[in-house]
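Coordinate inspection notes
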Amino acid sequence: MTVSSHGPRSLIITEEFAGQRTDRVLTACFPDLSRSRIKNLIDEGRLTRNGLCLREPAEPVRTGVELVLDIPAPTPAIPVGEAISFPILYEDDDLIVLDKPAGLVVHPAPGNETGTLVNALVAHCGESLVGIGGERRPGIVHRLDKDTSGLMVAAKTERAHRALSEDFAARRIDRAYLALCWGVPSPTKSEYEGNIGRDKRDRKRMALVGSGGKTALTRYTVLKAFGTYAALVECRLATGRTHQIRVHFSANGHPLMGDPLYLRRIPAIAKTCPVDARDAALDFHRQALHAARLGFTHPATGEKLLFETSPPEDFMTLERILASD
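What you see is a predicted model; the values in this text were computed from it and never measured.

Scoring rules and cut-offs
- Residues numbered from 1 in each chain as written.
- Predicted model: local features only at pLDDT ≥ 70, side-chain atom pairs only at ≥ 80, totals over all residues.
- Heavy atoms only, no water.
- Helix = DSSP H or I, 4+ residues; strand = E, 2+ residues; numbered from the N terminus.
- Salt bridge = Lys/Arg side-chain N within 4 Å of Asp/Glu carboxyl O.
- Buried < 20%, exposed > 50% of the residue type's maximum accessible area, 1.4 Å probe, protein only.
- Axes fitted to C-alpha atoms, helices over the stretch in contact; angles between N-to-C directions.
- Parallel < 35°, antiparallel > 145°, perpendicular 65-115°, else oblique.
- Left-handed = near helix turned anticlockwise from the far one by under 90°.
- Contact = heavy atoms within 4.5 Å.
- Nonpolar A, V, L, I, M, F, W, Y, C, P; charged D, E, K, R; others polar.
- Pairing = 2+ DSSP bridges.
- Core = buried A, V, L, I, M, F, W, Y, C linked by side-chain atoms within 4.5 Å.
- Arc of directions from axis to C-beta.

**Here we look at the environment of Asp283**
Structurally, Asp283 is set in helix H6 (residues 275-283). Asp283 sits 25 residues away from Gly258 along the chain, and the two C-alpha atoms are 7.1 Å apart.

Next up, the structure:
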C-alpha cells in the first residue's frame, strides 16, 4: 500500500478484507479520506481494479486484486467571486431567491472550477457568504442541473442554511417543474416510481435499478398535449434524486426534449410529428426542464414565501412551435 496527498494510491487486497465492500475497505486503509469522498472519487471513474475501471462502491473485494485510487490535486478551497449576472426575485439578510439561467453550473466541481453560480453569489453577497454551509458550496442548499433553468434559494447565514437544508431533506418545500416531453404520458395524471442509482455503463448517467439505488417518486400532470407526439407536463418530486425527472420520464418512454444524456436516438413518435415541430424539438439544445415554482418557510421570520417564474424564451418558443402544428 502506498499513500500520498494526491496522485495514485495502490492497495493489494489481503485475506482479512476479502468479501467486504470496496468503499469500506478503502476507507479503512486510507483513513484520511472519508467514505463519501471515496465514493465520489469512484463515481468520477478514479478507481481501477487490476487495471480496469471500477464504478460500483458496493462491489465485494477479492484477495490478491490490486485497487488503485487516483486522488486529484487539490483545488482552491474557497471559490473566487466573479461578476456573473443572474435574475434576483427576493433578497434579505438571510437568503436570496434567484432564477438560474440554463447553462449555469451551480457550484465548482472538476471541469467547472469557475464561472459557476457560487462564484456569482460570492461576488454579489460578499465575503460574508464564504464558508456558509461549506467552503466549496457556500450558501447552496439544493441544486439544479447545469442546463435546467429556474428557481433556487441560497442561504446567507448559517442559521438559514441549516433550516432550509432540513426543510429540503424533510420534503417541506413546495416545488414544481415544467417539462416538454416526447409523447403524451397516460394516464394524464399519475406518478412514476422506481429506485435510481448510478448507471454502471456510463458514470455520467443515472438509471432505474432493480436492486440498490435510492427510492424515487415523481408525480406528474399533463398540462397540454400536442397531438400524440408531445406534451407539456408539470412534475412534483416526492424525493430528490439526481436527474430524477429525466430518468423517470426516459425510462417510461417519454424522454424530455433535447436531453443530451437520456435521449440518444430519435424517438419513434417523432415520425408522427409535423416537420417544423419535429425539427425544432430535435434541434433543442438542452433538456426542456424548468423549475417553475418554489415555496418555503422563511427560516428567520416564519413567513410563507412562494415564487413562480415562466420558462425562458427558448423553452417558450419550442412550446409555441409544438402548439402551432
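So that's the structure; there's more coming.
**What about the pattern of salt bridges?**
By the definition in use, this model includes 25 salt bridges. Between Glu191 and Arg219 there is a salt bridge whose closest N-O contact spans 3.6 Å. Remark: Arg219 occurs in strand E12 (residues 217-226) and Glu191 occurs in strand E9 (residues 189-193); sequence separation between them is 28 residues. Between Arg201 and Asp199 there is a salt bridge whose closest N-O contact spans 3.7 Å. Given a relative accessible area of 75%, Arg201 falls into the exposed group. Under the relative-accessibility criterion, Asp199 is labelled buried at 7%. Within this structure, Asp174, Glu234, Arg236, Arg293 and Glu308 form a network of salt bridges that share partners.

**Re the packing of helix H1 (residues 22-29) against helix H2 (residues 35-43)**
At a minimum axis distance of 9 Å, the contact between H1 and H2 shows a crossing angle of 125°. Taken together, the axis directions place H1 and H2 in an arrangement best described as oblique. Considering how the two elements wind past one another, H1 and H2 form a crossing that is right-handed. Between H1, through Asp23, Arg24, Leu26 and Thr27, and H2, the contact on the second element is made entirely by Arg35, Ile38, Lys39 and Ile42. For the contact of H1 with H2, a count of residues per class yields 3 nonpolar, 1 polar and 4 charged.

**Things to note about the sheet that holds strand E1 (residues 7-12)**
Each strand in a sheet pairs with its neighbour through backbone hydrogen bonds, running either in the same direction (parallel) or in the opposite one (antiparallel). Overall, antiparallel pairing links the 4 strands, which are arranged E1-E4-E2-E3 in an open sheet. The open sheet has two free edges, formed respectively by E1 and strand E3 (52-53), since each of these has just one partner strand. Summarising the sheet, strand E2 (residues 47-49) and E3 pair through 2 bridges and their orientation is antiparallel. Each residue of the ladder has a partner; that of Arg49, found in E3, is Leu52. Contacting E1, E2 and strand E4 (66-71), H1 crosses the sheet at an angle of about 105° to E1. Sitting on the sheet, H2 touches E2 and E4, and the angle it makes with E4 is about 95°.

**A short note on the nonpolar core**
Grouped together as the largest cluster of nonpolar side chains are 30 residues, with contacts concentrated most on Leu117, Leu121, Val233 and Phe249. Broken down by secondary-structure element, the contributors of at least two residues to this core are strand E6 (95-100), helix H3 (117-125), strand E7 (149-155), strand E8 (174-182), E12, strand E13 (230-237), helix H5 (244-251) and strand E14 (289-297). Top element by residues in this core is H3. It accounts for 6 residues. Excluding residues within four positions of it along the chain, Phe249 makes contact with Cys181, Pro185, Tyr192, Thr218, Tyr220, Val233, Cys235, His254, Pro255 and Leu256. Listed in part, the 20 residues of the second largest apolar core include Tyr229, Ala277, Ala281 and Phe315.

**Description of H6**
Since the α-helix turns once every 3.6 residues, residues separated by three or four places project in the same direction. Turning to H6, its buried residues number three or more, namely Ala277, Ala280 and Ala281. For H6, the buried positions fall inside an angular range of 95° around the axis, keeping them on one side. Tucked inside the fold, the buried residues of H6 contact E8 and helix H7 (313-324).

**Here we look at the pairing of strand E5 (residues 88-91)**
Relative to E6, E5 runs antiparallel, the two sharing 3 bridges. Note that in E6 the partner of Glu91 across the bridge is Ile96. Hairpin geometry of E5 and E6 is characterised by an intervening segment of 3 residues between the two adjacent antiparallel strands.

**So, the packing of H6 against H7**
Packing of H6 against H7 leaves a shortest axis separation of 8 Å and a crossing angle of 155°. Judged on the interaxial angle alone, H7 and H6 are roughly antiparallel. Remark: the crossing between H6 and H7 carries left-handed chirality. Where H6 abuts H7, its residues Asp276, Ala277, Ala280 and Ala281 lie against Leu318, Ile321 and Leu322. Of the residues contributing to the contact of H6 with H7, the split by class is 6 nonpolar, no polar and 1 charged.

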